[in-house]
Amino acid sequence: MVEVGRKYVFDFDSTLTRVEALDVLAEMILEGKSNKDEVVSEIQKITNLGIDGDISFTESLERRIKLLNAHKDDLEGLVTELRQKISKSIESNKEFFQNYADDIYVISCGFKEFIDPIVKEYNIPSERVYANTFKFDADGNIVGFDETNVLSAHNGKIECLKNLDLDGEVQVIGDGYSDYVMREAGIADKFFAYTENVHREKAANNADHVAPNMDEFLFVNDLPRNISYPKNRIKILLLENVHPAAFENLSEDGFSVELIKHSLPEEELIEKIKGVHVLGIRSKTQVTEKVLDAADKLLAVGAFCIGTTQIDLDSCKKKGVVVFNAPYSNTRSVVELAIGQIIMLKRRIFTRSTEIHNGQWNKTATNSTEVRGKNLGIIGYGNIGKQLSVLAEAMGMRVYYYDVGDQLALGNAVKCNTLEDLLNVSDIVSLHIDDNKANKNFIGEREINQMKDGAILVNLSRGFVIDIPALALALKNGKLGGAAIDVYPEEPRANGEFFTELQGLENVILTPHIGGSTEEAQRDIADFVPNKIMDYINSGNTVDAVNFPNIRLPKQNKSHRFLHIHKNVPGIMAKINEVLANYEMNISGQYLSTDNEVGYVITDLDKEYNKDVIKALRKIENTIKFRVLY
């Protein structure tokens, strides 16, 4: 139970609800009227002036009611609308209001006619709701308010709380300066500026504590709550100018997100990562062992791309850091670029275009061919390779593929048993292999010599898989008829000067690692990776993790969830369950997945727990990480 005598005084508008009720009422009444936007805007302006204390509340109320021109019958619809606009974290912590209703009061400058039916559903009775009341004429029109009510006057909340004469510590939770004045007057002990719905500088600057949500308020007071650790305390660092939608998705879910447009070198990242729970990167940032050693709170890394060689996956695993990437989101973008480059190279479009730019007209069909009927060799028949296979075949190309794994052919594609077989038969070779270090110089002088004379080479996979000097030589001596290169062995951290010995060569398309850089792909990645991160942070799911045992968990319902990451050694499960048994914990569900190095156990418990059990679980030998989710 809570400290004896503690009382909680809540504001209603923009605190318990996401909106200002009179603004919503105005929107409803004026629906379809030509002056709606003008009147609603004026009402909102007057509302904010009153909340911030720039005009007296009495004046604010009088002016708004006059503009509203509302009727008693409109209030029923308003209540229905407000039920749909309860603050997200208030709604998720409904149990707190129901269990602590005796200590909760609502003091609002709004009106009991619409506040009472809303808070009644949260077990707060009408006698602990202090608010204004409307005046109606004989026809039911709202014509004013009870002017004898202290809450209709300027600083009426001070007088109201003073009259209540509450015992013990009094905490006020609200969004406006009119809530803070109760603390300023000395009749409240603490003021929490509630910023989930609106951030008012005047209130926040004078608050004892800023509460971005109800979870933070409950956490600070060590009260029962829906989640064990407020999301606003979970820090996420996004580097390399990831799509703004990633920032929006994570921020909207309640996390504290910082966005930096460029990558950070190791020394800077070592300093920056301290206190960070989730790191989001693209391909340039190197997450090394030194970086991970400095990452004192890191739970997960999100790679907003396909490749993960920039991340020390083994060190991440040993430290219990889960890594997610985006293996599918930019597939279509890469394939479309490959198709486009193949056509451009076979038609020698860049050569003709450069001639025109230089003022030369050279209409010719020499060395310009269709792609229809040509042999396309795909090295790496994964997600991208297969989609390229389908589109190329639809254009009339004959498709051959080579993969070290056993991949099922799509359409009429023909599997080659050796790389040499594929190189011998292909008019165009397109590389789509992974970032395994063993693939360095996968295509070198020997492999180029096995290709057809005049063949085309396309690489949108990894920069290190082609021996660039060997490729340059083959292009210069005419062994190859052209190339399209999007990735390079060494790439700059930021946009600027760049050099490759392929520059200036005829029928060579050079692009700056933009295979997956389309608005659609980046938006898809900005949805996919954050969703995986949020799913792990919020529920413990590790589906599609690159370096970690995968567990798909059922939705948790009114139980506590313990997440235990440990070295995969015999006896850990027995020790976990022994601790739970010693503390008489009833297990409602338990899930385990392991690989050769680590084990991941999720335990759902259906009763309140002694906090000593957490200490005991953390002390189990070979524990890597432990956290309580709910």
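Residues numbered from 1 in each chain as written. Predicted model: local features only at pLDDT ≥ 70, side-chain atom pairs only at ≥ 80, totals over all residues. Heavy atoms only, no water.

## Some remarks on the environment of Ile227
Here is step 1: Assignment of secondary structure puts Ile227 in the loop between helix H12 (214–220) and strand E9 (235–238).
Here is step 2: In this structure, the C-alpha to C-alpha distance between Ile227 and Asn596, residues 369 residues apart in sequence, is 32 Å.
Here is step 3: Among residues more than four places away in sequence, those in contact with Ile227 are Asp215, Leu629 and Tyr630. (Helix = DSSP H or I, 4+ residues; strand = E, 2+ residues; numbered from the N terminus. Contact = heavy atoms within 4.5 Å.)

## Observations concerning helix H22 (residues 468–476)
Here is step 1: Restricting attention to buried positions, one finds in H22 the residues Ile468, Ala470, Leu471, Ala472, Ala474 and Leu475.
Here is step 2: Buried residues along H22 sit in contact with helix H21 (445–449), strand E18 (455–459), strand E19 (480–485) and strand E20 (508–510).
Here is step 3: Directly beyond the C-terminal end of H22, a positive phi value near 85 degrees is found at Gly478. (Buried < 20%, exposed > 50% of the residue type's maximum accessible area, 1.4 Å probe, protein only.)

## Observations regarding the sheet that holds strand E23 (residues 598–605)
Here is step 1: A sheet is described by the order of its strands in space; here 4 strands give the open sequence E22-E23-E21-E24, paired in antiparallel fashion. Because the sheet does not close on itself, it has two edges, and the strands there are strand E22 (587–594) and strand E24 (623–628). Averaged over all pairs of adjacent strands, the angle between their axes in this sheet comes to 10 degrees, without regard to strand direction.
Here is step 2: The pairing of strand E21 (residues 560–567) with E24 spans 5 bridges and is antiparallel. (Pairing = 2+ DSSP bridges. Axes fitted to C-alpha atoms, helices over the stretch in contact; angles between N-to-C directions.)

## Looking at the pattern of salt bridges
Here is step 1: Enumeration over the complete set of coordinates arrives at 36 salt bridges.
Here is step 2: Lys85 is paired through a salt bridge with Glu81; the nearest N and O atoms lie 3.6 Å apart.
Here is step 3: The partly exposed category is assigned to Glu81, whose relative accessible area is 31%.
Here is step 4: Taken together, the shared-partner salt bridges connect Asp11, Lys157 and Asp179 into one network. (Salt bridge = Lys/Arg side-chain N within 4 Å of Asp/Glu carboxyl O.)

## Observations concerning the sheet that holds strand E15 (residues 398–402)
Here is step 1: Strands sit in the order E16-E15-E14-E17-E18-E19-E20 across an open sheet of 7 strands; the sheet is parallel. Lying at the two open borders of the sheet, with one neighbouring strand each, are strand E16 (414–415) and E20.
Here is step 2: In the packing of helix H19 (residues 383–394) onto the sheet, contacts are made with strand E14 (375–379), E15 and strand E17 (428–431), and the angle to E14 comes to roughly 170 degrees.

## Focus on the nonpolar core
Here is step 1: Counting residues in hydrophobic clusters, the biggest one holds 52 residues, and the most contacted among them are Phe10, Phe12, Phe96, Phe97, Phe114, Met214 and Phe217.
Here is step 2: If you tally residues by element for this core, the top one is helix H2 (residues 21–29), at 6 residues.
Here is step 3: Core analysis: the next-biggest nonpolar cluster, separate from the first, contains 35 residues, Ala326, Tyr536, Ile537 and Ala545 among them. (Core = buried A, V, L, I, M, F, W, Y, C linked by side-chain atoms within 4.5 Å.)

## Describing the pairing of strand E3 (residues 129–132)
Here is step 1: Two elements, strand E2 (residues 104–111) and E3, share 3 bridges in a ladder whose sense is parallel. Counted as the bridge partner of Ile107 is Tyr130 from E3.
Here is step 2: Between the parallel pair E2 and E3, the chain is carried across by helix H8 (residues 112–120), and the sense of this crossover is right-handed. (Right-handed = clockwise from strand over helix to strand, strands pointing away.)

## With respect to the packing of aromatic side chains
Here is step 1: Per the stated rule, a full pass over the model turns up 22 aromatic pairs.
Here is step 2: Measuring from centroid to centroid gives 5.8 Å for Tyr8 and Phe96, while their planes differ by 70 degrees, and the two rings are edge-to-face. Here Phe96 lies in helix H7 (residues 94–99) and Tyr8 lies in strand E1 (residues 7–10), a separation of 88 residues in the sequence.
Here is step 3: Between Phe97 and Tyr122, the ring centres sit 5.8 Å apart and the planes meet at 90 degrees, which makes this aromatic pair edge-to-face. Of this pair, Phe97 sits in helix H7 while Tyr122 sits in the loop between H8 and E3, placing them 25 residues apart in sequence.
Here is step 4: Take Phe97: its relative accessible area is 1%, and that puts it in the buried class.
Here is step 5: Pairwise contacts between aromatic rings join Tyr8, Phe10, Phe96, Phe97, Tyr100, Tyr122, Phe192 and Phe217 into one cluster.
Here is step 6: Of note, Lys72 hangs over the ring of Phe136, and the distance from its end group to the ring centre comes to 5.3 Å.
Here is step 7: The lysine or arginine in question, Arg627, covers the ring of Tyr536, its NZ or CZ lying 4.9 Å from the ring centre. (Phe/Tyr/Trp six-rings, centres within 6.5 Å; stacked < 30°, edge-to-face > 60°. Lys NZ or Arg CZ within 6 Å of the ring centre and 35° of its normal.)

## Things to note about the pairing of strand E11 (residues 278–281)
Each regular strand carries side chains that alternate between the two faces of the sheet.
Here is step 1: The two faces of E11 match: Val278 and Gly280 on one face and Leu279 and Ile281 on the other face are all buried.
Here is step 2: Here 3 bridges tie E9 to E11, and the two strands are oriented parallel to one another. Opposite Leu237, over in E11, you have Leu279 as the bridge partner.

## Section: helix H5 (residues 74–83)
Here is step 1: Where H5 is concerned, the buried positions are Leu75, Leu78, Val79 and Leu82. Taken down its axis, H5 places every buried residue within 100 degrees of arc, on the same side.
Here is step 2: Contact partners of the buried residues in H5: helix H1 (12–16), H2, H8, strand E4 (134–136) and strand E5 (142–145). (Arc of directions from axis to C-beta.)

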